[in-house]
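Listed below are the residues making up each chain.
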Amino acid sequence: SLTGIDYFSAASDTRRAEMARTLRHLAGFTALLIGALSILAIVLLRLYQRGKAQTAENRMTTARLETIVATSVDAIVVVDRRGKVIEFNPAAESTFGYTRAEAMGNRVTDLIVPPDAVGDTISTIETQLISPEARRAGRQRIELEAIRKDRSRFPVELSVAKAESSDGEIFVGFIRDFS
């Protein structure tokens with residue numbers, strides 16, 4: 001019976017040693033996992049703080065740009081690739097007589113370009129301001145004729161900048177009434 005007790009106690013010691021080794025491995029793995037999660041939490045916190053700071057900076061930049069556009073003495077009209085108005089500042093409202101709500105979504109050629117000059121105006125803008133050759137030559141402004149809501153004609157100086165937006169290519173027109 002002592003031999004049996006010796007055998008069972010040795011087997012029990014072996015199982016206990018294996019269990020202790022398994023628990024040590026599990027503790028090491030758990031510590032490693034907690035360390036990795038802590039590092040990940042620190043990295044995510046820093047990314048969050050950086051994103052929050054970038055968002056605040058973007059808001060300030062957007063507010064400054066909106067203020068610049070709203071207070072500009074020149075009419076600023078932004079159109080998409082199809083020529084539909086996507087921005088119409090207060091100076092454009094006073095220059096052309098349309099409210100922002102009336103202008104938004106309408107084709108710029110229907111609003112401010114004389115009907116008999118639409119083709120020539122578009123061609124002139126494309127060749128004189130937007131084309132790569134015009135940009136290389138340093139041409140920045142052209143003189144055209146525009147119309148107000150009451151259909152009266154007046155001379156304007158136009159500068160156009162091409163930009164990319166989330167919806168594709170847009171054109172920003174800076175228009176000065178020099179009548």
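Parameters at a glance
- Residues numbered from 1 in each chain as written.
- Predicted model: local features only at pLDDT ≥ 70, side-chain atom pairs only at ≥ 80, totals over all residues.
- Heavy atoms only, no water.
- Core = buried A, V, L, I, M, F, W, Y, C linked by side-chain atoms within 4.5 Å.
- Buried < 20%, exposed > 50% of the residue type's maximum accessible area, 1.4 Å probe, protein only.
- Helix = DSSP H or I, 4+ residues; strand = E, 2+ residues; numbered from the N terminus.
- Contact = heavy atoms within 4.5 Å.
- Pairing = 2+ DSSP bridges.
- Axes fitted to C-alpha atoms, helices over the stretch in contact; angles between N-to-C directions.

Draft legend 1. Here's a closer look at the nonpolar core. Counting 25 residues, the largest nonpolar core has Val77, Val85, Phe88, Phe96, Leu158 and Ile175 as the members making the most contacts within it. Sorting the residues of this core by element identifies strand S1 (75-80), strand S2 (85-88), helix H2 (90-96), helix H4 (108-112), helix H5 (118-130), strand S3 (142-147), strand S4 (153-165) and strand S5 (168-177) as the ones contributing at least two each. If you tally residues by element for this core, the top one is S4, at four residues. Setting aside its immediate chain neighbours within four residues, Val85 contacts Val77, Val78, Val79, Ala103, Met104, Gly105, Asn106, Val108 and Leu111.

Draft legend 2. How the structure looks around the sheet that holds S2. Spatial strand order, S2-S1-S5-S4-S3: five strands in an open sheet with antiparallel pairing. Looking at strand neighbours, the two that pair on one side only are S2 and S3, the edges of this open sheet. This sheet shows a mean twist of 35° between the axes of neighbouring strands, independent of strand direction. Here S1 pairs with S2 via three bridges, running antiparallel. For Val77, the partnering residue across the bridge sits in S2 and is Phe88.

Limitation: the analysis is restricted to geometry and does not speak to function.
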